[in-house]
Amino acid sequence: MGLPEYEPGTAFPGVIGRTADESSPAWPRPLRAAPGSPNVLIIVLDDTGFGQLGCYGSPIATPHLDALAAGGLLYTNMHTTALCSPSRSCIVTGRNHHANATAAVNEMATGYPGYNGQIPFENGFLSEMLLAHGYNTYLVGKYHLLPSEFESAAGPYDRWPLGRGFERFYGFLGGDTSQWYPELVYDNHQVEPPRTPEQGYHLTEDLADHAITFITDAKQVAPHKPFYLQFCTGATHAPHHVPKEWADRYAGLFDDGWEAYRERVLARQKDLGVMPADAELSRHDPDVPAWDSLPPEARRLAARMMEVFAGFLSHTDHHIGRLLSFLKETGELDNTLVMVVSDNGASPEGGPTGTTNELQFFNNAPETLAESLARIDELGGPATFNHYPWGWTWAGNTPFRRWKRETYRGGTSDPFLVHWPEGITARGETRTQFAHIIDMVPTVLDAPGLTPPAVIRGVTQSPIHGVSFAHTFDDAAAPTRHRTQYYEMFGHRAIDYDGWRAVCPWPGPSFTEAGKPFGALISAQTLTDLDARHWELYHVAADPAENHDLADTHRGKLIELIAMWYAEAGKYNVLPVDGSANERILVQRPQVAEPRTQYTYRPGTQTVGFFAAPRLLNRPHAITADAEIPPGGAEGVLICQGSSSGGWSFFIKDGTLCYAHNYLSRATYQVSAPEPLPSGRRQLRFEFEPTGDPDILHGKGSPGRAQLYVDGELIAQTEFPVTTPIGFNPGGLSCGANPGSAVTADYTTPFRFTGTLHTVTVDLSGELITDTDSEMRMAMARQ
């Protein structure tokens with residue numbers, strides 16, 4: 001007979017007498033899941049296009065994901081928001097992304113209800129819902145669901161994974177990270193990777209290891225307690241980092257180019273039943289050159305970039321396979337509801353030619369073909385932050401048009417798999433019902449018969465916007481219950497309704513002609529003009545690739561859909577329409593700490609994320625280290641920001657004070673002292689004074705004068721012809737060491753300071769030390 005129990009919050013059912021021997025106990029009932037409740041495993045791939053998994057017709061080997069499709073269901077009509085954070089907010093809440101205040105990635109938050117990046121607590125996470133039903137809850141991998149300014153030791157932590165219902169977290173908080181040197185967080189604190197790349201470390205393997213450990217830790221104590229694991233790989237987002245042997249498996253496979261890839265993939269999609277027999281390829285993208293028009297060296301580079309991507313995806317599939325094999329070996333797989341989805345279509349962030357360093361894309365500074373070719377053998381390795389060209393992006397979304405960030409189907413139509421042997425009878429079948437990722441939460445709840453809670457932690461919950469598609473699991477002919485879905489991304493708009501689709505792209509010329517990476521400023525007059533003349537209309541039930549614009553011949557249907565888009569926009573906080581991009585990155589946002597012009601850092605503390613760190617770029621600034629140099633000298637990093645992809649470092653090497661600015665891994669500008677530092681407690685100072693304006697549109701930050709001071713005396717100076725214009729990614733600021741990859745080739749990481757470092761102060765007041773005599777001596781010495 002079990003112990004007497006009662007529901008917490010209800011009256012105590014026992015007896016309380018004067019003493020224990022005349023009283024009867026009862027216990028608050030622990031949370032227990034219903035017997036037989038399925039585990040839930042949601043695997044979120046990153047930037048993986050519709051035509052890139054083997055089961056969706058790709059030549060890239062993904063046998064473990066293919067096995068899920070063969071043993072479950074493959075959906076051909078799943079839709080996302082076209083961008084990372086917005087899609088991830090939908091996946092965990094079941095609400096539309098503007099209602100989640102996540103109109104775009106959180107680095108681009110602006111001060112409007114649908115755009116501020118702070119997911120309302122009334123939009124509960126699936127983790128919070130399942131936690132209340134007796135589940136263990138884990139998130140492993142990418143998060144990217146809180147304002148970037150909150151990614152610091154100051155918090156607030158209520159929007160971190162552990163604050164939103166996940167009991168355990170291991171991964172990274174931001175949008176991307178190096179697979180070799182990731183910026184890791186374990187629960188609520190930063191950690192360093194357990195090994196180096198030279199020791200065989202790779203992030204995807206590490207994530208799979210921790211996912212297995214989290215499950216094992218709980219199952220060995222409570223074997224019947226179900227778990228919910230959100231497993232979010234960094235792959236296949238750039239950087240496309242993978243051991244060379246995985247990329248080499250694909251040597252020569254893509255030498256015939258992106259048009260040939262599309263033809264092969266569509267043919268295979270038809271054979272597999274992923275696309276109908278009469279499906280067409282979308283038109284040749286105007287921003288993608290014909291493969292045969294490229295010079296041989298450009299084709300060689302592009303083919304290798306795709307080989308690296310393919311190896312990256314196969315490597316990811318391998319480690320997903322390890323996780324699935326573990327579940328099978330432990331008898332958990334059959335009663336685990338597995339869903340696999342990508343957060344958006346394939347990514348164009350490598351630019352028209354691809355790049356060895358994605359940071360160049362975000363800083364509007366694409367490298368030349370010659371610069372890329374010089375590093376072709378490094379692609380995929382720790383020294384690069386590589387991404388493939390637009391042609392492979394376009395091909396990766398076969399048969400659809402365009403890509404991530406745009407609301408054409410190349411941005412919003414993504415692979416989606418469901419596998420649950422104990423709950424689904426069907427095996428190896430396709431499903432064509434329209435669905436959107438806001439439907440995942442209600443489906444997960446529907447499968448074991450759960451209802452969404454009315455209140456979470458005292459906060460009344462908003463209605464879930466998605467609808468369950470569990471009724472399609474064993475009925476291929478079941479009608480969709482999701483009829484209307486709006487889209488908006490950087491002012492690029494669309495709406496789906498009963499097999500019809502209206503799309504309003506950005507105004508003006510194409511990517512290449514505009515010379516801008518994405519987006520367009522949209523004024524009120526521009527928006528009026530767009531609504532009057534710029535919408536396109538497709539009957540996607542018969543034209544899935546959006547080839548045949550029916551706007552002129554079905555004007556009534558188009559007007560109906562435009563009106564529906566505005567109705568949905570009003571309902572879900574979509575307005576105001578904002579087509580800007582770089583402007584959003586640079587907008588001023590409220591900070592956790594009060595605004596100030598001086599920041600003091602100490603060694604041994606956590607790395608400060610780029611958006612929580614002082615903004616040094618394109619402005620006068622000074623950095624002062626209060627350090628003790630022992631007899632015999634010291635060396636190491638005083639303070640640094642960024643990585644080998646771009647950043648700056650203030651350090652001592654061989655006893656000599658140095659400052660280096662790594663301009664997007666293309667050039668390093670440095671100022672160094674002429675002789676070693678004397679021992680004793682010293683004030684070591686670097687100053688930067690801009691001597692010209694930045695040209696952000698063309699990837700150039702302010703040029704300026706770089707100066708070094710020791711105890712107030714100018715000892716060295718030089719001119720930096722250019723600096724980084726917008727930001728660093730990875731962009732953490734660290735005091736006393738350089739974690740991750742080295743900002744400069746002058747040292748190897750972590751290069752901890754070997755003297756005594758008291759503080760480092762960053763001064764943005766613009767007040768520079770003036771030492772006329774020293775400056776004159778230096779000027780005379782150069783004559």
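Higher on the page you've got the structure.
Definitions and cut-offs
- Residues numbered from 1 in each chain as written.
- Predicted model: local features only at pLDDT ≥ 70, side-chain atom pairs only at ≥ 80, totals over all residues.
- Heavy atoms only, no water.
- Helix = DSSP H or I, 4+ residues; strand = E, 2+ residues; numbered from the N terminus.
- Rg over C-alpha atoms; globule rule 2.2 N^0.38 Å.
- Buried < 20%, exposed > 50% of the residue type's maximum accessible area, 1.4 Å probe, protein only.
- Contact = heavy atoms within 4.5 Å.
- Areas by Shrake-Rupley, 256 points an atom, 1.4 Å probe, with all protein chains shown as cover.
- Lys, Arg positive; Asp, Glu negative; His and termini not counted.
- Charge placed at Lys NZ, Arg CZ, Asp CG, Glu CD.
- Polar contact = N/O pair within 3.5 Å; in protein donor to acceptor, adjacent residues only side chain to side chain.
- Core = buried A, V, L, I, M, F, W, Y, C linked by side-chain atoms within 4.5 Å.
- Salt bridge = Lys/Arg side-chain N within 4 Å of Asp/Glu carboxyl O.

> Run through the overall build of the chain, naming residues and quoting values.
A count of helices and strands for the chain gives 17 helices and 31 strands. The globule rule puts the C-alpha radius of gyration for 783 residues at 28 Å, and the 28 Å found for the chain is close to it. Projected onto its principal axes, the C-alpha positions of the chain cover 85 × 85 × 50 Å. Per-residue burial over the chain gives 60% buried out of 783 residues. Considering only contacts within the chain whose residues lie at least 6 apart along the sequence, 75% involve residues at least 24 apart. As displayed, the chain offers around 29,000 Å² of accessible surface, 54% of which is attributable to carbon and sulfur atoms. With 58 positive and 90 negative side-chain charges, the chain shows a spacing of 2 Å between the two charge centroids.

> Could you give an account of the side chain of Asn106, with specific residues and numbers?
Topologically, Asn106 is positioned in the loop between helix 2 (84-93) and helix 3 (126-131). On the basis of relative accessible area, Asn106 is assigned to the buried category, the value being 1%. Looking at Asn106, its side chain comes within polar contact range of the main-chain oxygen of His144, at 3.3 Å. Discounting residues that sit within four places of it in the chain, Asn106 has contacts with Ser85, Gly117, His144, Leu145, Leu146, Pro147 and Ser148.

> Any details on the nonpolar core? Residues and values, ideally.
By size, the foremost hydrophobic cluster in this structure holds 77 residues, and its most contacted members are Leu41, Ile60, Leu229, Phe231, Trp258, Trp392 and Leu417. A per-element tally of this core places helix 7 (residues 296-329) first, with 16 residues. Contact partners of Leu417, with chain neighbours within four places excluded, come to Cys55, Tyr56, Leu65, Leu68, Ala69, Leu73, Leu74, Val338, Met339 and Val340. One finds Val44, Leu130, Ala426 and Leu445 within the second-largest nonpolar core, a separate group that totals 48 residues.

> Explain the pattern of salt bridges to me, and be specific about the residues and the numbers.
Per the stated rule, a full pass over the model turns up 41 salt bridges. Between Arg304 and Glu307 there is a salt bridge, with the nearest N and O atoms lying 2.9 Å from each other. Taken together, the residues span about one helical turn, with Arg304 and Glu307 both in helix 7 at a distance of 3 residues. Through salt bridges that share partners, Glu5, Glu7, Arg29 and Arg32 make up one connected network.

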